[in-house]
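These are the residues of each chain, in order.
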Amino acid sequence: FAPAAGGTDAHAVFEMSDAMRRYAERELADPARAGPDRRRALIEAFTRAQGGLRLAYDAAVTRTASEAYAERAGNCLSLVILTASFAKYLDLPVQYQSVLADEDYSHRGDLFVAAGHVNIMLGSRANRIDGRGSSWLTIDFAPPADIEQERSVPIDEQTVVAMFMNNRAAEALAAGRVREAYWWARDAVRADAGFAAGINTLGVVYQRAGHPAEAEQALRSVLALESDNVSALSNLALLLRAGGRRDEAARLEARLAALQPVPPLWYLDHGRQALERGDFTAARDLLLRELRRQPYQYEAHYLLARAYAALGDRVAAEQHLSAAAQSGPTRELQALYAGKLERLRGQAAR
């Protein structure tokens, strides 16, 4: 793979911009404004209407700390990175956590994407001095209903860096930039050799670049780490079947079927097909089943709104369009669904 323009700089992930430093000094570090606990000042900066950061959720691209600050937006990983960058500047201890919950599945271009979730805990300056101090505070950029159900495990900063680079690799792949994706995926594995998702992404990059032997090696490495990793099982089965190794592929597919009797997004995809052929009742029922699995699946909400509109249930159509606008992964999609909702309400008013 020829070098990618711009490179993959791990140091840039948490690096603060001059604008961030000025904000931290003015709003977070001033004792008169921040009070005795700088953690509270940082938390209030996320929620305060006047002078606050006013962050928006946007997963169009995984951003560094300085990019998330400049855009005032990011996915959960970008917002955790932004929080950590400010916390380090304030000399606050941080602990990253991976949330043990079902992965969220979605389509991204021609990729099938499984996304996990991370959050961050902040200690006080007393924690840094004597290891005790007040209890740790958790900052989580997920809906409140989800936080109550969460169980988490600590992860180190190198894993966070690997997650960032893996996300960038997947984003490059979705855009068809395979060479760029390789360098991000390679450096994700170098950042954390035990991060299975990064090795899996590297395997997909090799497969798409026409290197099946290297792809197989990477995917089997994932399964050596996690024998029931469904992403690696699925990718390896596809690779083997494409290479004419049908018996081996069938064995992996049987293992996969035992782990996932109903594949992720099965109800979504079949609901879309029912909608396209005009079977709106079947579409509604299938999409409702998808939402029982993934309550915030924005595509399911949007398609369900279309099904309800075709069935003449305008109230339900509005409810699901509103949910799609709230849960859309990018500001562009959020605005698109919000616009459709306004038009639907306008039609009802006439």
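Residues take numbers from 1 onward in each chain, read along the sequence in its written order. The model is predicted, so local features are restricted to residues of pLDDT at least 70 and side-chain atom pairs to those at 80 or more, both for listing and for counting; the totals for chains, interfaces and linings are taken over all residues. Excluding hydrogens and water, the side-chain figures rest on all heavy atoms present in the structure.

Draft legend 1. Representation of the packing of aromatic side chains. Each Phe, Tyr or Trp ring (for Trp, its six-membered ring) is paired with any other whose centre lies within 6.5 Å, and the angle between the two planes then decides the class: stacked below 30 degrees, edge-to-face above 60, tilted in between. Taken as a whole and judged by the stated rule, the model has 13 aromatic pairs. With a centroid separation of 6.1 Å and an interplanar angle of 75°, the aromatic rings of Phe-164 and Trp-184 are classed as edge-to-face. Highlighted residues: Phe-164 in helix α8 (residues 157–174) and Trp-184 in helix α9 (residues 178–191), separated in sequence by 20 residues. Whether a residue is buried, partly exposed or exposed follows from its accessible area with a 1.4 Å probe, protein chains only, as a fraction of its type maximum: under 20%, in between, or over 50%, in that order. Here Phe-164 falls in the buried class, since its relative accessible area comes to 2%. Per the convention used, a helix needs a DSSP run of H or I reaching at least four residues, while a strand needs a run of E reaching at least two, with both numbered from the N terminus.

Draft legend 2. Highlighting the sheet that holds strand β3 (residues 94–99). Only strands joined by at least two bridges in the DSSP assignment are considered to pair. Strand order across the open sheet formed by four strands is β7-β6-β3-β8, with antiparallel pairing between neighbours. In this open sheet, the two strands that pair with only one neighbour each are β7 (137–139) and β8 (152–155). On average, adjacent strands in this sheet sit at an angle of 35° to one another, irrespective of strand direction. Direction of pairing for β3 relative to β8: antiparallel, over a ladder of four bridges. Within β8, the position partnered with Gln-97 by the bridge is Pro-154. Note on contacts: a residue pair qualifies if any of its non-hydrogen atoms lie within 4.5 Å across the two residues. Only C-alpha atoms enter the line fits that serve as axes; for helices the fit covers just the stretch in contact. Angles between N-to-C directions range over 0 to 180 degrees. Together, β3, β6 (118–122) and β7 form the strand contacts of helix α5 (residues 76–89), whose direction differs from that of β6 by roughly 20°. α8 rests against β3, β6 and β8 of the sheet, and its axis sits at about 95° to β8.

Draft legend 3. Quick peek at the pattern of salt bridges. We count a salt bridge whenever a side-chain nitrogen from Lys or Arg sits within 4 Å of a carboxyl oxygen from Asp or Glu. In this structure the tally under the stated criterion is 21 salt bridges. Asp-58 serves as the salt-bridge partner of Arg-331, at 3.2 Å between the closest nitrogen and oxygen. With Arg-331 in helix α18 (residues 331–349) and Asp-58 in the loop between β1 (56–57) and α4 (65–71), this pair connects stretches of sequence that are 273 residues apart. Owing to a relative accessible area of 32%, Arg-331 belongs among the partly exposed residues under this scheme. The exposure class assigned to Asp-58 is buried, which follows from its relative accessible area of 4%. When the shortest N-O distance is used, the salt bridge between Arg-208 and Asp-110 registers 3.1 Å. You can see Arg-208 sitting in helix α10 (residues 196–208) and its partner Asp-110 sitting in the loop between β4 (104–108) and β5 (111–115), a full 98 residues away along the chain.

Draft legend 4. Looking closely at the packing of helix α14 (residues 266–276) against helix α15 (residues 280–293). Direction vectors running N to C along α14 and α15 enclose 160°, while the axes themselves pass 8 Å from each other. By the angle between their directions, the pair α14 and α15 is classed as roughly antiparallel. Relative to α15, the crossing made by α14 is left-handed. Between α14, through Trp-266, Tyr-267, Leu-268, His-270, Gly-271, Ala-274 and Leu-275, and α15, the contact on the second element is made entirely by Phe-280, Ala-282, Ala-283, Leu-286, Leu-287, Arg-289, Glu-290 and Arg-293. Angular relationships are summarised with four words: roughly parallel below 35 degrees, roughly antiparallel beyond 145, roughly perpendicular across 65 to 115, and oblique for the angles in between. What makes a crossing left-handed is the near helix being turned counterclockwise from the far one by less than a right angle; a clockwise turn instead makes it right-handed.

Draft legend 5. Region of the structure containing the nonpolar core. Residues belong to a common nonpolar core when they are buried Ala, Val, Leu, Ile, Met, Phe, Trp, Tyr or Cys residues joined through side-chain atoms within 4.5 Å. Counting residues in each nonpolar core, the largest one holds 97 residues, and the members touching the most others are Phe-14, Leu-28, Ile-81, Phe-86 and Tyr-96. Looking at which element gives the most residues to this core, the answer is α8, with nine residues. When sequence neighbours within four positions are dropped, the list of residues in contact with Ile-81 reads Val-13, Phe-14, Thr-64, Ala-65, Val-160 and Phe-164.

Draft legend 6. A look at the packing of α14 against helix α16 (residues 298–310). As a packed pair, α14 and α16 sit with axes 10 Å apart at the nearest point and diverge in direction by 25°. It follows that α14 is roughly parallel to α16 by the angle criterion. Crossing of α14 against α16: the hand is left-handed. Seen from α14, the contacting residues are Leu-268, Arg-272 and Leu-275; seen from α16, they are Glu-299, Ala-300, Leu-303, Arg-306 and Ala-307.

Draft legend 7. Quick peek at α16. Helix span, as expected, comes to 1.5 Å for every residue beyond the first. Its 13 residues place the ends of α16 19 Å apart at the C-alpha level, agreeing with the 18 Å of an ideal helix rising 1.5 Å per residue. Within α16, ten of the 13 residues are buried, which leaves the element mostly enclosed by the surrounding structure. You can read the cap of α16 off the contacts: a side-chain oxygen lies 2.9 Å from the backbone nitrogen of Glu-299, and it is on Gln-297. Trailing α16 by a residue or two, Gly-312 shows a phi angle of about 85°, which is positive. Any pair of N or O atoms that falls within 3.5 Å is considered a polar contact. Within protein, one atom must be able to donate a hydrogen and the other to accept it, and sequence-neighbouring residues count only if both atoms are side-chain atoms.

Draft legend 8. Expanded view of unusual backbone geometry. With a phi angle near 60°, Asp-91 is a residue other than glycine that sits in the positive phi range. Note that Asp-91 resides in the loop between α5 and β3. Taking relative accessible area as the criterion, Asp-91 reaches 33% and is therefore assigned partly exposed. For Leu-265, which is not a glycine, the phi torsion comes out positive at approximately 65°. On the secondary structure map, Leu-265 appears in the loop between α13 (246–259) and α14.

Draft legend 9. Up close: the environment of Arg-272. With respect to the helices, strands and loops of the structure, Arg-272 is situated in helix α14. Along the primary structure Arg-272 and Ile-120 are separated by 152 residues, whereas in three dimensions their C-alpha atoms are 37 Å apart. With residues up to four places along the chain from it excluded, the contact list for Arg-272 reads His-107, Glu-299 and Leu-303. Among the polar contacts listed, one links the side chain of Arg-272 to the side chain of Glu-299, at a separation of 2.9 Å.

Draft legend 10. Up close: α13. Across its 14 residues, α13 extends 20 Å between first and last C-alpha, which sits within 8% of the 20 Å expected from 1.5 Å per residue. Regarding α13, the residues found buried are Ala-249, Leu-252 and Leu-256. In an axial view of α13, the angular spread of the buried residues amounts to 65°, which keeps them on one side of the axis. Counted as exposed and oriented over 90 degrees from the buried face of α13: Asp-247, Arg-251 and Ala-258. By arc we mean the arc of the directions from the helix axis to the C-beta atoms, nothing more.

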